[in-house]
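What the coordinates show
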Amino acid sequence: MKKIISLLLLAGLSFASCDKQDSLDPRPIDVGGQYVRLDITNKMLASEHIDETYFGGFLSTPANNVEKYVLKVRRRNPNSVITGNYVELLTVTSFPTELKITPQMIADAIGIPVTSLEVGDYYVFFGEAYGFDGKVTNYNNLSSTVKTQPGMKQAFRFVTTLATDANINILNDTFNNYQLGL
C-alpha cells in the first residue's frame, strides 16, 4: 500500500511541475495588431515598358482588423535628391487585394508627367493602417525586428525603382524592397 501511495504522490508531483507559471514566461503576449502585409511579386518598374509595367503584390491584413490602408509615395531621383514630401497615392478598403502600382499612378500622385520619371529613381512608400477602432498604425509603430526583417513583409515602408530590363534581370534576385535608409 505504501508503494501505491508513493507512486501516486510521485505522479501528482510530476504533473504539478508541468503547470505554466506566467511570471516566469519570458515571451511577450501575442496581440493581433493592425498589421498589413505585402507579398511583393513585381519588385521593380521596367523603363522600357512604361505603359505595361507595375510594382506590387498581394496585400493582406492577417488579423482582419484594418478598415482602410492609405499608401503614400515620394520620389528620390538618380542623384539621391528627395524631390518632395510624401503624397497620397491610393486608399485600399477591401482585403485581401492585389496591389498594382503603375508609373502613371506615381507620376500623377507627385504631379509630374510620366515622361519625367527617370531610370534610377527610387520610389519610397509609406503606409498607414486605420483600424475599426479608429487607431492609426504606421512604420513608426513597428518593432525594430519587424522593420528590419524582409521576411516580415510589412506594408508600411518599402521601395521600388525604375530600372532597365537588363538591370531588372541582374538585380531581381537581390533587390530588397524593404531596405532601410532610402
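This report concerns the structure included in the present document. What you see is a predicted model, and the numbers here were worked out from it, not measured in a lab.

Okay, the environment of Ile50 next. Within the fold, Ile50 resides in the loop between strand S2 (45-46) and strand S3 (55-60). Placed 53 residues apart in sequence, Ile50 and Pro103 show a C-alpha to C-alpha distance of 6.6 Å. Residues contacting Ile50, with those up to four places away along its chain left out, are Pro103, Val114 and Leu162.

On to the sheet that holds S3. Taken together, the three strands give an open sheet; going across it, the order is S1-S3-S6, and neighbouring strands pair in antiparallel fashion. The open sheet has two edge strands, strand S1 (37-42) and strand S6 (97-101), and neither has a second partner. Across this sheet, the average inter-strand angle for adjacent strands is 30 degrees, counted without regard to direction. Sheet topology note: the S1/S3 ladder contains five bridges and is antiparallel. Looking at S3, one finds that Leu38 is bridged to Leu59.

Glancing now at helix H2 (residues 103-110). Working note: α-helix, 3.6 residues per turn, so residues spaced by three or four point in the same direction. Of the residues making up H2, those classed as buried are Pro103, Ile106 and Ala107. Projection of H2 onto a plane perpendicular to its axis shows the buried side chains occupying an angular sector of 95 degrees, all on one side. On its buried side, H2 packs onto S2, strand S5 (87-92), S6 and strand S7 (122-131). With its phi angle positive at about 80 degrees, Gly111 sits one or two positions after the end of H2.

The rules we used
All residue numbers refer to position in the chain's written sequence, counted from 1. Predicted model: local features are reported for residues with pLDDT of at least 70 only, side-chain atom pairs are reported and counted for 80 or more only, and whole-chain, interface and lining totals are derived from all residues. The side-chain values count all of the structure's non-hydrogen atoms but skip hydrogen atoms and water molecules. Runs of H or I in DSSP of at least four residues are treated as helices and runs of E of at least two as strands, each being numbered from the N terminus. Residues count as neighbours in contact if any of their non-hydrogen atoms are within 4.5 Å of one another. DSSP-based pairing: two strands are paired if at least 2 bridges between them are found. All axes are obtained by fitting lines to C-alpha atoms, using only the stretch in contact for helices, and the reported angles, taken between N-to-C directions, cover 0 to 180 degrees. For the exposure calls, accessible area comes from a 1.4 Å probe over protein chains only, and a residue counts as buried if that area is under 20% of its type's maximum, exposed if over 50%, partly exposed in between. Arc, as used here, means the arc of the directions from the helix axis to the C-beta atoms.

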